[in-house]
Amino acid sequence: MSKTNAGRFFEDYTIGEVINHAVPRTVAEGERALYHALYPARGALYSSDVFAQDCGLESSPLDDLIAFHVVFGKTVPDISLNALANLGYAEGRWLAPVWPGDTISSASEVIGLKQNSNGKSGVVWVRTTGRNQMGAPVLEYVRWVMVRRRAEGDAPQTVIPDLAPAVAATDLVIPEGLNFSDYGFALAGEPHRWGDYAVGEVIDHVDGVTVEEAEHMIATRLWQNTAKVHFDATNRPDGKRLIYGGHVISLARTLSFNGLANAQMIVALNGGAHANPCFAGDTVRAWSEVLELAETDAPGVGAIRLRLVATKGAAGVLKGADGKYDPDVLLDLDYWALMPI
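Scoring rules and cut-offs
- In this numbering scheme, every chain counts its residues from 1 along its sequence in written order.
- With pLDDT at 70 or above as the cut-off, local features in this predicted model cover only qualifying residues; side-chain atom pairs require 80 or more to be listed or tallied, and sums for whole chains, interfaces and linings still use all residues.
- Where side-chain values are given, they derive from all heavy atoms of the structure, hydrogens and water being excluded.
- Here the term buried applies to any residue with accessible area under 20% of the maximum for its type, exposed to any over 50%, and partly exposed to those in between, with areas from a 1.4 Å probe on protein chains only.
- A helix here means a DSSP run of H or I that spans at least four residues, while a strand means a run of E at least two residues long, and both kinds are numbered starting from the N terminus.
- Taken from the helix axis, the directions to the C-beta atoms give the arc we talk about.
- Two aromatic rings, drawn from Phe, Tyr or Trp (for Trp, its six-membered ring), form a pair once their centres lie within 6.5 Å of each other, and the interplanar angle then sorts them: stacked below 30 degrees, edge-to-face above 60, tilted otherwise.
- The rule for a salt bridge is simple: a side-chain nitrogen of Lys or Arg has to be within 4 Å of a carboxyl oxygen of Asp or Glu.
- Lines fitted to C-alpha atoms define the axes here, with helix axes fitted over just the stretch in contact, and angles between the N-to-C directions of these axes take values from 0 to 180 degrees.
- Any angle between 65 and 115 degrees counts as roughly perpendicular, while under 35 counts as roughly parallel, over 145 as roughly antiparallel, and the rest as oblique.
- Residues are treated as being in contact if the distance between any of their heavy atoms lies within 4.5 Å.
- Charged residues are taken to be Asp, Glu, Lys and Arg, nonpolar residues to be Ala, Val, Leu, Ile, Met, Phe, Trp, Tyr, Cys and Pro, and polar residues to be all remaining types, Gly included.
- What makes a nonpolar core is a set of buried Ala, Val, Leu, Ile, Met, Phe, Trp, Tyr and Cys residues whose side-chain atoms join them at distances within 4.5 Å.
- We define a polar contact as two N or O atoms separated by no more than 3.5 Å, with the added condition that, inside protein, one atom must be a possible hydrogen donor and the other a possible acceptor, whereas residues neighbouring each other in sequence contribute only through side-chain atom pairs.
- Here a strand pair is declared whenever DSSP counts at least two bridges between the two strands.

Draft legend 1. How the structure looks around helix 1 (residues 29–38). If you check which residues of helix 1 are buried, you get Glu31, Arg32, Tyr35, His36 and Leu38. Taken end-on, helix 1 shows its buried residues confined to a sector of 160°, consistent with a single buried face.

Draft legend 2. Representation of the packing of aromatic side chains in the model. Scanning the model with the defined rule gives 9 aromatic pairs in all. An angle of 55° between the planes, with centres 4.8 Å apart, marks the rings of Tyr35 and Tyr39 as tilted. Taking the relative accessible area as the measure of exposure, Tyr35 reaches 2% and is therefore buried. Assessed through its relative accessible area of 3%, Tyr39 is described here as buried. For the pair Phe68 and Phe72, a centre-to-centre distance of 5.6 Å together with 40° between the ring planes defines the contact as tilted. Here the residue Phe68 and the residue Phe72 both occupy positions in helix 3 (residues 64–79), the gap between them amounting to 4 residues, near one helical turn. Of the two residues, Phe68 and Phe72, both sit in the buried class. Put simply, the rings of Phe68, Phe72, Tyr89, Tyr141 and Tyr244 touch in pairs and so form one group of aromatic residues.

Draft legend 3. Broad picture of the pattern of salt bridges. Tallying each qualifying case throughout the model produces 15 salt bridges. When the shortest N-O distance is used, the salt bridge between Glu91 and Arg127 registers 3.0 Å. One end of the pair, Glu91, is in strand 3 (residues 83–94); the other, Arg127, is in strand 5 (residues 121–131), with 36 residues separating them in the sequence. With relative accessibility at 17%, the residue Glu91 sits in the buried group. For Arg127, a relative accessible area of 28% translates into the label partly exposed. Counted as one network, the salt bridges with shared partners bring together Glu11, Asp12, Arg149 and Arg150.

Draft legend 4. Fine view of the packing of helix 1 against helix 3. For the pair helix 1 and helix 3, interaxial distance at closest approach is 11 Å and the crossing angle is 105°. Viewed along their axes, helix 1 and helix 3 adopt a mutual orientation that is roughly perpendicular. Of helix 3, the residues touching helix 1 (which contributes Glu31, Arg32 and Tyr35) are Leu65, Ile66 and His69. Of the residues contributing to the contact of helix 1 with helix 3, the split by class is 3 nonpolar, 1 polar and 2 charged.

Draft legend 5. Local environment of helix 5 (residues 213–222). Within helix 5, burial applies to Glu215, His216, Met217, Ala219, Thr220 and Leu222. Gln224 sits one or two positions beyond helix 5 and adopts a positive phi of about 55°.

Draft legend 6. Structural detail: the nonpolar core. In terms of nonpolar packing, the biggest core is built from 57 residues, with Phe68, Trp94, Trp223, Val284 and Ile304 touching the most fellow members. Residue contributions to this core peak at 8 residues, all from helix 3. Sequence-distant contacts of Trp223, that is, excluding residues within four places in its chain, are made with Arg25, Tyr35, Tyr39, Ile66, His69, Val70, Gly73 and Tyr244. One finds Leu57, Trp99, Leu178 and Met265 within the second-largest nonpolar core, a separate group that totals 24 residues.

Draft legend 7. Summary view of the packing of helix 3 against helix 6 (residues 245–255). For the pair helix 3 and helix 6, interaxial distance at closest approach is 11 Å and the crossing angle is 180°. In terms of their interaxial angle, helix 3 and helix 6 are classed as roughly antiparallel. Here Asp64, Leu65, Phe68 and His69 of helix 3 come into contact with helix 6, specifically with Gly246, His247, Ile249, Ser250 and Arg253. Here the contact of helix 3 with helix 6 is built from residues that sort into 3 nonpolar, 4 polar and 2 charged.

Draft legend 8. Representation of the environment of Asn262. Along the chain, Asn262 falls in the loop between helix 7 (257–260) and strand 8 (265–273). Sequence separation of Asn262 and Pro340 is 78 residues, and the distance between their C-alpha atoms is 7.0 Å. Apart from residues lying up to four places away in sequence, Asn262 is in contact with Tyr183, Phe185, Ala188, Glu190, Pro191, His192, Leu338, Met339 and Pro340.

Draft legend 9. Local environment of unusual backbone geometry. In this structure, the amide linkage connecting Tyr39 to the following residue, Pro40, adopts the cis form with an omega of -20°. Of note, Pro40 is situated in the loop between helix 1 and helix 2 (49–54). The phi angle at Val23 is positive, at roughly 65°, despite the residue not being glycine.

Draft legend 10. Looking closely at the side chain of Arg25. Here Arg25 shows up in strand 2 (residues 25–26). In terms of polar contacts, Arg25 uses its side chain to reach the side chain of Glu31, at 3.0 Å. A distance of 2.3 Å separates a polar atom in the side chain of Arg25 from the backbone oxygen of Leu222. In contact with Arg25, not counting residues within four places along its chain, are Glu31, Val70, Lys74, Asp102, Thr103, Ile104, Leu222, Trp223 and Gln224.

Draft legend 11. Geometry of the pairing of strand 5. Among the 11 residues that make up strand 5, 9 are buried, leaving the element largely enclosed by the rest of the structure. The pairing of strand 4 (residues 103–115) with strand 5 spans 10 bridges and is antiparallel. Bridge pairing in strand 5 places Glu109 opposite Arg127. Joining the antiparallel neighbours strand 4 and strand 5 is a turn of 5 residues, in which Gly119 adopts a positive phi near 70°. In terms of strand pairing, strand 5 meets strand 6 (residues 137–148) through 11 bridges, oriented antiparallel. The partner of Val126 across the bridge, within strand 6, is Arg143. Once strand 5 ends, the chain turns through 5 residues before running back antiparallel as strand 6, passing Gly135 with a positive phi of about 85°.

Take a look at the structure:
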């Protein structure tokens, strides 16, 4: 009998099943240094212990998206090794900071199944929770993926989960002690505070990054993401490696620094779609739209809900008259961040 693992196929999932993902990971300053080199991230709260301490934290936590990538990467061998596409996200919340030295593990519950009409694939919904070494949850989110069937057969009962369109502002978890009352705008890089933004405002982040094959391969390996489409050029008919969608998320988030430098911490992921594939050689640009503003109970801290769009095209262009994403749009992400009032 073979000792190797070919990954799960659509017919291998059952509603209510909890999958404990292998290989917990201890994260440290090395992950931060590599993350900042790859993208490069410049958020002051995630760059400086002194800045973080001035904001009421004990030191600088690891970047919010480092936590996301690590938790996500653990799930790939069990959820998306045989995926055709990662379709979307919902109900994501960062529940506690991840600190250098923390050990992160992941588990996923299967909450939805729907076989596609072609009988060769289906959509699997999972709710994933990342925990630290004390068992405390640090991140949770729902995602859904299209997964190949091993062989054609009877379809399981369709279960489509009822997901909230957005995380309510009252359900955002603010890190304990966070205080922006004495926030250093000059050190952060921009003067714009929460009250300077208006719902409906569109921000062109101006800069662009051309994606290289090598940096994508390093980043995807860094997060121990083993999905075949990201590594094996023979896995697609066009012979191209598909750029990991999380790589595009981090690129776009980093590009948004120009205009949103003070959106310091991502605290919720309301929804997201990888609208079109990204390949090496594509130049990624980003723009944001302000969707909502909310106050919080933390001193000096406001919440801003943003649509972040990664694109190869023009700022402000999202969908055509037919309601479909413009071919240049790579990512449409809806998230909450914390910003000084």
